[in-house]
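For reference, the chains in residue letters:
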Amino acid sequence: MYPKSFKKLIDNFAALPSIGPKMAERLVLFLFKEDNQKLSDFARNLEDFKKNLRHCEKCWNISEEKLCTICKDSLREQKIICVVEDALDVFAIEKTKKYNGIYHVLGGVLNPTRMVGSDNLHFKDLEKRVEKEKITEVILATNPTTEGDATALYLMRILKPLEVKITRFARGLSTGADIEHADELTLSSAILNRK
Ligand SMILES: [Zn+2]
């Protein structure tokens, strides 16, 4: 029932998380009404996005260069690593301006039902970094969910022999809530009161 080009875009949008077929339809109709310049910009941004972005070689954050801006910043405390699930957590913590160390992005959490095991996450790199970079504190900032807590416990076990100080965000964050969606004030106090 849709014209072919219209249908193709609907399929693209409907494949995105949290967008159902109805919303996809509405977005495509909206784009159809946009002027050509805006649409070309949109298309070019999408192309540049994949071409220019990569993972930071050190911390797995999203970056446009080999090292992300945080790893490159000599004013940051390079001996404290905050371990997070994904790059959106980095952005959320950065917004609070209450943390001046560096990060390690795991790329997810342990989740046996979705077949995510330790080999699928950047655990080995973390161990190597703690040793090589002589890290003094590791903050396990996985989300306070069942999987996040299990991942933190697992990391605690593998980091224990390295004799590094291990902390966790304070329990201001309610159970089941995630870092990415926490308000700045709650997150700030969770960072500052870590133990
Ligand atoms: Zn980095």
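Residues numbered from 1 in each chain as written. Predicted model: local features only at pLDDT ≥ 70, side-chain atom pairs only at ≥ 80, totals over all residues.

1. Observations concerning the overall build of the protein
Counting its regular elements, the protein contains 8 helices and 6 strands. Mapped in sequence order, the helices and strands of the protein form the string α-α-α-β-β-α-β-α-β-α-β-α-β-α. When the backbone C-alpha atoms are referred to their principal axes, the protein occupies close to 65 × 35 × 35 Å. Relative to its full complement of 195 residues, the protein shows a buried share of 25%. For the protein, the share of sequence-separated contacts (at least 6 apart) that also reach a separation of at least 24 residues comes to 54%. (Helix = DSSP H or I, 4+ residues; strand = E, 2+ residues; numbered from the N terminus. Buried ≥ 20, exposed ≤ 12 C-beta atoms within 10 Å, placed from the backbone. Contact = placed C-beta atoms within 7 Å.)

2. Notes on unusual backbone geometry
Positive phi is not limited to glycine here, since Trp60 has a value of about 70 degrees. Non-glycine residue Met115 carries a positive phi angle of around 60 degrees. Mapping Met115 onto the fold places it in the loop between strand E4 (102-105) and helix H6 (123-132). Using a count of 7 C-beta atoms within 10 Å as the deciding quantity, one classes Met115 as exposed.

3. Here we look at the packing of helix H5 (residues 87-96) against helix H8 (residues 184-192)
Contact geometry of H5 with H8 gives a least axis separation of 9 Å together with a crossing angle of 90 degrees. Overall, the two elements H5 and H8 adopt an arrangement that is roughly perpendicular. The segment H5 lies against H8, with Ala92, Ile93, Lys95 and Thr96 engaging Glu184, Leu187, Ser188 and Ile191. The class makeup of the residues in the contact of H5 with H8 is 4 nonpolar, 2 polar and 2 charged. (Axes fitted to C-alpha atoms, helices over the stretch in contact; angles between N-to-C directions. Parallel < 35°, antiparallel > 145°, perpendicular 65-115°, else oblique. Nonpolar A, V, L, I, M, F, W, Y, C, P; charged D, E, K, R; others polar.)

4. Here's the deal with the sheet that holds strand E3 (residues 80-84)
Here we have 4 strands laid out as an open sheet, ordered E4-E3-E5-E6, and parallel in their pairing. The outermost strands of the open sheet, each flanked by one partner alone, are E4 and strand E6 (165-168). Each adjacent strand pair in this sheet contributes to an overall mean axis angle of 25 degrees, direction not counted. With 4 bridges connecting them, E3 and E4 associate as parallel partners. Across the sheet, residue Val83 finds its bridge partner in E4, namely His104. (Pairing = 2+ DSSP bridges.)

5. Notes on the domain arrangement of the protein
Domain annotation of the protein identifies domain 1 (4-52) and domain 2 (55-192). Computed over C-alpha atoms, the centres of domain 1 and domain 2 are 33 Å apart. (Domains from an automatic or database assignment.)

6. Considering the pairing of E6
Where strand E5 (residues 137-140) meets E6, 4 bridges bridge the pair, whose relative direction is parallel. Opposite Leu140, over in E6, you have Arg168 as the bridge partner. Where the polypeptide runs from E5 across helix H7 (residues 146-159) and back to E6, its parallel neighbour, the crossover connection is right-handed. (Right-handed = clockwise from strand over helix to strand, strands pointing away.)

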